[in-house]
Amino acid sequence: MTISLKQIKLHRLKMMLNDPFTTSFGTFQEKEFFIIEMIDEDGIRGYGESVAFSSPWYSEETVETNFHMMKDFLIPLLKKKVIAHPNEVEQIFSPIKRNNMAKSALEGAVWDVYAKQKQIPLAEALGGTKRQIEVGISLGIEPTVKDLLKKVETYVQEGYKRIKIKIKPGYDVDMLREVRRHFPDTPIMADANSAYSLADLEHLRKLDELNLMMIEQPLAHDDIVDHAILQAALRTPVCLDESIHSLEDARKAIELGSCKIINIKIGRVGGLTESKKIHDLAKEKGIDVWCGGMLEAGIGRAHNIALTTLSQFVLPGDTAGSSRYWKKDIIKPEVEVENGIIHVPNKPGIGYEMDEEALKEFTVATETIHV
Ligand SMILES: O=C(O)CCC(=O)c1ccccc1C(=O)O
Ligand SMILES: [Mg+2]
């Protein structure tokens, strides 16, 4: 069996988040992104989602650069190619440097086509075995600690397996101490999105009193050297997010001791194939991994769920339920979280149907490309 693509549709969507999401870089409430629909010669449809944001605050990619890369460079590389296995897509895209989120959006759709051809769940195609996955939730920076405590309370009640809290200088140790006081036994972690430097080492050391599961990306987005110094000085495990773009980055970070945990985001590392490689290395080296989030709509969420079924995803990820983000998601059924658990669908491919009505409602433009 091979994959012969006939058509690729790039649907540009605009959706409003239920609540504004604030990080150390700012606040946003609207999300623009692409849903990739690939149609093969037998009419099988596979879907992918581009996860870049409208501005390059998280990484250098944006919605516009994703479109440019997919349309002008990556899709032309797929033209007239017969793909035997989605593992090959990474190699096909290798003439193009970086632009991992653009690559990943397309590669994800190829994986979905592949699994649907074979009539197996994407999770199984990836080698995943878990039938249910544990998930946590990521909470943005709130106007006051009181507001935050209310949110933590809500999601602890709902059964989320761990609570991640965004931090920044001035909204960190004291706030977390307060949260810990109210929730002495809840698994809690902090994500700094690169808001600190080694000059803050003594301050960050105070986090060690709070029994946090980890601190995510405390230092620069492109650093693995200073993180190694910080990790050596902290008991709290350091988790890398922004700094890891590839298997090679992961290998170097592990060798340097820059982290004890890796947040794998499919888009950030260029696709499911690379995610799997990082997962396998982490497993071999005894590094725990979990699946990060990019405030995805249903298609990206479905990919995250499938990836999380791999065995070294031992920590709850950021793949919360659809309703945490959207009034209405673009898939049927929506992703439901029950007591912090998602039941992995066992239908072929990503396991969720595109809600065509919702797709239409949120689409602002569609580009159709024949391949
Ligand atoms: O709920 C999610 O999808 C993840 C939320 C989150 O923490 C996040 C959201 C957008 C960009 C970066 C991050 C991050 O993990 O750093
Ligand atoms: Mg992060």
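Residues numbered from 1 in each chain as written. Chains lettered and ligands numbered in written order. Predicted model: local features only at pLDDT ≥ 70, side-chain atom pairs only at ≥ 80, totals over all residues. Heavy atoms only, no water.

## Details of the environment of Ile224
As for its position among the elements, Ile224 is in the loop between β8 (215-216) and α8 (225-233). With a relative accessible area of 19%, Ile224 lands in the buried category. Distance in space between the C-alpha atoms of Ile224 and Ser243 is 6.8 Å, their sequence separation being 19 residues. Setting aside residues up to four positions removed in sequence, Ile224 forms contacts with Leu240, Ser243, Lys252, Ala253, Leu256 and Ser258. (Helix = DSSP H or I, 4+ residues; strand = E, 2+ residues; numbered from the N terminus. Buried < 20%, exposed > 50% of the residue type's maximum accessible area, 1.4 Å probe, protein only. Contact = heavy atoms within 4.5 Å.)

## Details of the coordination of the magnesium ion (ligand 2)
Those donors, Asp191 (OD), Glu216 (OE) and Asp241 (OD), are the protein atoms that reach the magnesium ion (ligand 2), and they lie 2.1 to 2.3 Å from it. All donors to the magnesium ion (ligand 2) come from one chain, and their sequence spacing reads D-x24-E-x24-D. Here Glu216, found in strand β8, pairs with Asp241, found in the loop between β9 (238-240) and α9 (247-256); they are 25 residues apart in sequence, far enough to count as distant. Given the relative accessible area of 0%, Glu216 is considered buried. (Donors = N, O, S within 2.8 Å, 3.2 Å for Na, K, Ca; no water.)

## With respect to the side chain of Asp112
Its place among the elements puts Asp112 in helix α3 (residues 100-118). By relative accessible area, Asp112 is classed as buried at 0%. Of note is the side chain of Asp112, whose polar atom sits 2.8 Å from the backbone nitrogen of Tyr47. Sequence-distant contacts of Asp112, defined by excluding residues within four places in its chain, comprise Arg45, Gly46, Tyr47, Gly349 and Ile350. (Polar contact = N/O pair within 3.5 Å; in protein donor to acceptor, adjacent residues only side chain to side chain.)

## Some thoughts on the sheet that holds strand β3 (residues 45-49)
A sheet is described by the order of its strands in space; here four strands give the open sequence β3-β2-β1-β15, paired in antiparallel fashion. The two strands at the open ends of the sheet, each matched to only one other strand, are β3 and β15 (363-370). Averaged over all pairs of adjacent strands, the angle between strand axes in this sheet comes to 20 degrees, irrespective of strand direction. Both strand β2 (residues 26-40) and β3 contribute to a ladder of five bridges, which runs antiparallel. Across the sheet, the residue bridging to Ile39 is Arg45, located in β3. Along the sheet, α3 contacts β1 (5-23), β2 and β3; its crossing angle with β3, the most-contacted strand, is approximately 150 degrees. (Pairing = 2+ DSSP bridges. Axes fitted to C-alpha atoms, helices over the stretch in contact; angles between N-to-C directions.)

## Remarks on the UniProt feature "active site" (unreviewed entry) in the protein
When the UniProt feature table is mapped onto this chain, "active site" (unreviewed entry) is found at Lys166 and Lys265. With near-sequence residues (within four places) excluded, Lys166 lies in contact with Phe21, Thr22, Thr23, Ser138, Leu139, Gly140, Ile141, Tyr171, Met175, Asp191 and Asn193. Tracing the backbone through its elements, the reader meets Lys265 in the loop between β10 (261-264) and α10 (266-269). Not counting the four nearest positions on each side in its chain, Lys265 is found in contact with Tyr58, Asp241, Gly292, Gly293 and Met294. At 3.3 Å, the side chain of Lys265 forms a polar contact with the side chain of Tyr58. (UniProt positions renumbered as here; feature names shortened; annotations may be inferred.)

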